[in-house]
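A closer look at the structure
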Amino acid sequence: MSKLKQEALQLVEAADDEELLEMIKFMEKQKTRLSREERLAIKQQAYKELQELINRHNVKVPDDFDCKKELAEYREERFGNANFG
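Residues numbered from 1 in each chain as written. Predicted model: local features only at pLDDT ≥ 70, side-chain atom pairs only at ≥ 80, totals over all residues. Heavy atoms only, no water.

One non-glycine residue, Asn 58, lies in positive phi territory at about 50°. If you trace the backbone, Asn 58 turns up in the loop between helix 3 (36-56) and helix 4 (67-79). With relative accessibility at 54%, the residue Asn 58 sits in the exposed group. (Helix = DSSP H or I, 4+ residues; strand = E, 2+ residues; numbered from the N terminus. Buried < 20%, exposed > 50% of the residue type's maximum accessible area, 1.4 Å probe, protein only.)

And the structure:
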């Protein structure tokens, strides 16, 4: 057994139930966590699909389109005055 595994086992053996629960939660979270490269690949694929959709439907955005203004108007319409600032 490696020195690192021995050290880990000593920590586990010395931990109380609450600490063990936190360790388990942390380890489970780490197992399901995507790597930076995986997250980037997902975002790039979504962008590619969006571009294909735009091209397929020949969508044109007006030159004077103000996305911040549109978002503010949508939020006001959808949620009222909810302090989105």
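Next comes the rest of the account.
For Ala 8, the position within the fold is in helix 1 (residues 3-14). With relative accessibility at 38%, the residue Ala 8 sits in the partly exposed group. Ala 8 sits 45 residues away from Leu 53 along the chain, and the two C-alpha atoms are 50 Å apart.

Another aspect to go through is helix 2 (residues 17-32). Relative to the 22 Å expected for 16 residues at 1.5 Å per residue, helix 2 spans 23 Å between its end C-alpha atoms, a close match to the ideal helical length. Two to three positions downstream of the cap, the backbone nitrogen of Glu 18 sits 3.2 Å from a side-chain oxygen, assigning the N-cap of helix 2 to Asp 16. (Expected span 1.5 Å × (residues − 1). Polar contact = N/O pair within 3.5 Å; in protein donor to acceptor, adjacent residues only side chain to side chain.)

It is worth spelling out the environment of Leu 20 at this point. Within the element layout of this structure, Leu 20 appears in helix 2. Those residues in contact with Leu 20 that lie beyond four places of it in its chain are Val 12 and Ala 15. (Contact = heavy atoms within 4.5 Å.)

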